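These are the residues of each chain, in order.
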There are 2 protein chains.
Amino acid sequence: MSASTDVKDMSRLLKLAKKFNCFYVSGFNSSECKPFIVEGYQVGLIRPDVMKQLIYFPEVFHITAGCVELNPAFRDYQERSVKIDEVLREFRCKDTFVTLKGWRDECFEVKTGFNTQSLLKMDRSATCLFGIQNYGISINGFVKHPEKGHCLWFQKRSSTKQTWPGKWDSMVSGGLSVGHGILETANKEAMEEASVPPILLQNLINVGCVSFYFESERGLFPNTEFVFDLELPVEFVPENADGEVESFEILPVSKCIEKMLADDFKTTSAPVVLDFLIRHGVLTAENEPGYLNIIELLHVPLQTIYGRYHNEVRENGIAINSA
Amino acid sequence: MSASTDVKDMSRLLKLAKKFNCFYVSGFNSSECKPFIVEGYQVGLIRPDVMKQLIYFPEVFHITAGCVELNPAFRDYQERSVKIDEVLREFRCKDTFVTLKGWRDECFEVKTGFNTQSLLKMDRSATCLFGIQNYGISINGFVKHPEKGHCLWFQKRSSTKQTWPGKWDSMVSGGLSVGHGILETANKEAMEEASVPPILLQNLINVGCVSFYFESERGLFPNTEFVFDLELPVEFVPENADGEVESFEILPVSKCIEKMLADDFKTTSAPVVLDFLIRHGVLTAENEPGYLNIIELLHVPLQTIYGRYHNEVRENGIAINSA
């Protein structure tokens, strides 16, 4: 043990935490990406590969040395949403970006912080092109088994899903779409994905959130998941109702670590499982050398990560989400 | 509601989270403080008021434009600890720093990360002069009351305590001293401070940690608390055994927010209570507008906050705590 430790000694779980935060730990400070500005606020980040395509739409995107700005002449939420949608549909027709093959016809809000007014909406498949903050819910369905102790349910995603097909995932999860609340979404997804009856959903507890910044070939994913714990009776077996799940499996917590580390586990769902194992005392500083670093990597400062720019460009008003 | 929100609209709990993170949110990026370097690693930060006194000990501290370095000629843990201790005792005799009035004869380790080898030890009253990372344990003693729901125990600190005398605090807490483990410290403090019997301590669960960076007139406090939940039977009443507690009080969770916001609550214990209220679903994004920001402010990246310097000064080896 030295005063500092090499990467080769890093725990497998800390490596995983850096993997789902790959953009936070290495990409974020590179100058390759430019802030995406709407109405004077940074709402995202744009990679060079996307920038190269946006230059063909100078009436929508003003690209300068320092940033990409949505045309400030657009008057309101409606106009901004329509103008971006037109560009995205053109990209989609031309097959410019792989992520748009997963067009959802379901929009996410674009805003400077979770509790601030939305500036526009955008199809959820496109938000990663602009590094827009994503919000979702995840549910840890667990059982306190008389012999096996705490056990956690997992779902295997359908092989026809547009993202992470066939990968293992939390029991239930879903994105927060325009017009839907957090608890409402959690209840809806639990019923659709796992047929949890309303009587059992009364046990649903929002136990915090995890925040991480992932990057893939599809784009940038600053992700905040509202985490729910749902204690289930031993005899309950989830059943899929919407065709998006291939199967379910239940595992004692001691086997969840290997599950999460396997190649067939959805990388961006590992934070929710890690958080569960930490909150329930399965992972501790005594059995996991990366404990403190992992906890910090489950809560990277996404609410303020774009805030620095606000403070530079705006002289009046302090953003609620500026640290 | 606007795209950004003024400070005046900020929730009281978010204000509190910024108060116990006052150095993180406003002081950390000021250039007033200099990194404190030991064996080539940054282990702390030094304020101008402390620097002014260290210049009288050039054989111990090498002060340059960019940093304060402990004399690299000191050979080992032992010599470094002794040399610093000599300086601190001189400061103490001369009444140079108010924090040293609370000399403890109890040492904290000085290291680059929780799991790295200690570089020296230092009396715990002095660590805030150097911005050394502090580690401690805190216990949320709670009861699932049949009528009142979840209730949380608080302790009132003795009026003779050197820090935060007479303030309300978590049921049990304590610093991690040289040679003592996390769970060991939690058990010891629970017995000493609240007379929790061993049979009840079997319920002690380490449910995570909170990290925050506080500053007071005494110094800089980068603080990581290992958080424990301890479910207690309704009939259990804590009783102090070491003279450090004036009294105990139990409150339903709905009253804990006002308790925490009152002037007679120890600012640096609020993170542990906030974390409890979040993990148990009392505070949610639906009833607390600052929810996401508060969660991020309960987990500021202390394990990597000094890491940037490591990477600049060292060419070989990647610190485990560099994000």
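Residues numbered from 1 in each chain as written. Chains lettered and ligands numbered in written order. Predicted model: local features only at pLDDT ≥ 70, side-chain atom pairs only at ≥ 80, totals over all residues. Heavy atoms only, no water.

**What about the overall build of chain A?**
In plain terms, the rule: The secondary structure listing takes helices from DSSP runs of H or I that are at least 4 residues long and strands from runs of E that are at least 2 residues long, numbered from the N terminus. Taken over C-alpha atoms, the radius of gyration is set against a globule rule of 2.2 Å times the number of residues to the power 0.38. Each residue is assigned to one of three classes by its accessible area relative to the maximum for its type, calculated with a 1.4 Å probe on protein chains only: buried under 20%, partly exposed between the two thresholds, exposed over 50%. Residue contacts are counted whenever heavy atoms from the two residues lie within 4.5 Å of one another. Computed with the Shrake-Rupley method and a 1.4 Å probe, the accessible areas treat only the protein chains shown as cover for residues. Positive charges come from Lys and Arg alone, negative charges from Asp and Glu alone, with His and the N- and C-terminal ends not counted. Charge placement uses NZ in Lys and CZ in Arg. For Asp and Glu, CG and CD serve respectively.
Within chain A one finds 11 helices and 13 strands. At 20 Å, chain A has a C-alpha radius of gyration in line with the 20 Å of a compact globule built from 323 residues. In terms of overall dimensions, chain A has a C-alpha envelope of 65 × 55 × 40 Å along the principal axes. Counting the 323 residues in chain A, one finds 59% classified as buried. Residue pairs at least 24 apart in sequence account for 66% of intrachain contacts in chain A once pairs closer than 6 positions are excluded. Only carbon and sulfur atoms are counted for the fraction: they give 50% of the accessible area of chain A, which is about 13100 Å². Averaged over its 33 positive side-chain charges, chain A has a centre that lies 3 Å from the centre of its 43 negative ones.

**Quick look at the environment of Leu14(A)**
All names here are of chain A. Inspection of the secondary structure puts Leu-14 in helix H1 (residues 12–19). Among the residues examined, Leu-14 registers a relative accessible area of 0% and is labelled buried. As for Leu-14 and Lys-167, which are separated by 153 residues in sequence, their C-alpha atoms are 21 Å apart.

**A closer look at the packing of helix H1 (residues 12–19) of chain B against helix H7 (residues 253–261) of chain B**
Residues and elements named next belong to chain B. We apply this condition: Orientation is described by axes fitted as lines to C-alpha atoms, over the contacting stretch for helices, and by angles from 0 to 180 degrees between their N-to-C directions. Should an angle lie under 35 degrees it is considered roughly parallel, over 145 roughly antiparallel, and from 65 to 115 roughly perpendicular; all remaining angles are considered oblique. The handedness criterion is simple: a crossing whose near helix is rotated anticlockwise from the far helix by less than a right angle is left-handed, and one whose near helix is rotated clockwise is right-handed. Note that Gly is not counted as nonpolar here; it falls among the polar residues with everything else outside the nonpolar set of Ala, Val, Leu, Ile, Met, Phe, Trp, Tyr, Cys and Pro and the charged set of Asp, Glu, Lys and Arg.
Packing of H1 against H7 brings their axes to within 11 Å, and their N-to-C directions diverge by 45°. In terms of their interaxial angle, H1 and H7 are classed as oblique. The way H1 lies across H7 gives a crossing that is left-handed. Residues Arg-12, Leu-13 and Leu-16 of H1 pack against Ile-257, Glu-258, Met-260 and Leu-261 of H7. Of the residues that constitute the contact of H1 with H7, the class distribution is five nonpolar, no polar and two charged.

**Notes on the side chain of Ser118(A)**
All names here are of chain A. The condition is simple: For the purposes of these results, a polar contact is taken to be a pair of N or O atoms within 3.5 Å, where, inside protein, one atom must be able to donate a hydrogen and its partner to accept one; residues adjacent in sequence count only when each atom of the pair is a side-chain atom.
Tracing the chain through its elements places Ser-118 in the loop between strand E5 (107–110) and strand E6 (120–123). Judged by relative accessible area, Ser-118 falls into the buried class, the value being 18%. A polar side-chain atom of Ser-118 sits 2.6 Å from a polar atom in the side chain of Glu-109. At 3.4 Å, the side chain of Ser-118 forms a polar contact with the backbone oxygen of Val-110.

**Focus: the confidence of the model for chain A**
The condition is simple: As a per-residue measure, pLDDT tells how confident the predictor is, with possible values from 0 to 100.
Per-residue confidence for chain A gives a mean pLDDT of 91, with 92% of residues at or over 70. Segment residues 310–323 of chain A: pLDDT under 50, and 34 contacts once partners within four positions in sequence are set aside and those in other chains are kept.

**Looking at the sheet that holds strand E2 (residues 41–46) of chain A**
All names here are of chain A. Counted only if it meets this: Strands pair, by our definition, only if DSSP identifies at least two bridges between them.
With mixed pairing, the four strands of this open sheet are ordered in space as E2-E1-E4-E3. Two strands lie at the open edges of the sheet, namely E2 and strand E3 (61–63), each paired on one side alone. Adjacent strand axes in the sheet meet at a mean angle of 25° when their direction is disregarded. Where E3 meets strand E4 (residues 68–70), three bridges bridge the pair, whose relative direction is antiparallel. Looking at E4, one finds that Ile-63 is bridged to Val-68.

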